[in-house]
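Descriptive structure summary
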Amino acid sequence: MKIACIGDSLTEGRPGVSFFKLLTTKHQHIEFDNHGKPGETVKSLYTRLEKSKLATYYDLIFLWIGVNDVYAKLLKVQAQPVTKDLQEFKDYYVKVLEMFLASSKHVVLVTPALIGEAIKNTSNTELKELSSIIQSISSKYANVSFLNMQEIFESHLEQVNSSDHINTNVMRVMKDVLFYKNPFRIDRLSEKRGLHLTLDGVHLNSKGAELVVEEYTAVIEQLQLQEATVH
């Protein structure tokens, strides 16, 4: 089985704890490719795919994109172009998905999870709108599934008291990348900031990464079961 994980810094695995490393360790019999790029938005991903198509045909692609389309507005520096409104987000997302459907048997559309652990803040409300768009897109294709990561993270956060810490300083994000590589140190800083699933309101700590692995694993196992039934 060949699987591609496509997305932004959450998929690439920096800053914070890499769910991708945990996933590959858990499923050593599967071949994984990491196509995560820091700062990626749906628009910049489309441009990246235009320049270089995926060279491999995959059994499964996880597409986890969209958080930077909202998060970039909070940062003082915009690394990549963001879509100007919901319609443009939808148009680019569909174009990206159709490129992936040409390179894969099955695509899982994963919603952006969080911008800050205060789940009712403005940014998370904006992410909810993107999640609805992603869900409506997924329902139009036979070999596409939908994974609502925001809902999963929310259900965990409803049971705890999180701080409203969000890292909006690019230099501080870079500092986290440089100085916090060890999961133990990441988790300690996350705790110090009063956070439960993230290092800085966006990027994952160990708990957040394990949650993603759990959800991706459930999808992988379900697909393997379907394949086995067909054959």
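A brief look at the structure comes next. From a predicted model like this one, the values you see are computed outputs, not experimental measurements. (Residues numbered from 1 in each chain as written. Predicted model: local features only at pLDDT ≥ 70, side-chain atom pairs only at ≥ 80, totals over all residues. Heavy atoms only, no water.)

**As for the overall build of the protein**
Check the secondary structure of the protein and you find 10 helices and five strands. Oriented by its inertia axes, the alpha-carbon framework of the protein measures out at about 50 × 40 × 30 Å. Of all 231 residues assigned to the protein, the portion counted as buried reaches 53%. Considering only residue pairs separated by 6 or more positions, the protein has 77% of its internal contacts joining residues 24 or more positions apart. For the protein, the exposed surface amounts to about 11200 Å²; the carbon and sulfur share of it is 52%. The average position of the 26 basic charges and that of the 28 acidic charges among the side chains of the protein differ by 7 Å. (Helix = DSSP H or I, 4+ residues; strand = E, 2+ residues; numbered from the N terminus. Buried < 20%, exposed > 50% of the residue type's maximum accessible area, 1.4 Å probe, protein only. Contact = heavy atoms within 4.5 Å. Areas by Shrake-Rupley, 256 points an atom, 1.4 Å probe, with all protein chains shown as cover. Lys, Arg positive; Asp, Glu negative; His and termini not counted. Charge placed at Lys NZ, Arg CZ, Asp CG, Glu CD.)

**Considering the pattern of salt bridges**
Counted under the stated rule, the structure contains nine salt bridges. Residue K105 is joined to D59 by a salt bridge in which the shortest nitrogen-to-oxygen separation is 3.3 Å. One end of the pair, K105, is in strand β4 (residues 104-110); the other, D59, is in strand β3 (residues 58-64), and 46 residues separate them in sequence. In this structure D59 comes out as partly exposed when scored by relative accessible area, which is 21%. Between K84 and E88 there is a salt bridge, with the nearest N and O atoms lying 4.0 Å from each other. Taking the relative accessible area as the measure of exposure, E88 reaches 13% and is therefore buried. The structure contains a network of salt bridges with shared partners spanning K43, K84 and E88. (Salt bridge = Lys/Arg side-chain N within 4 Å of Asp/Glu carboxyl O.)

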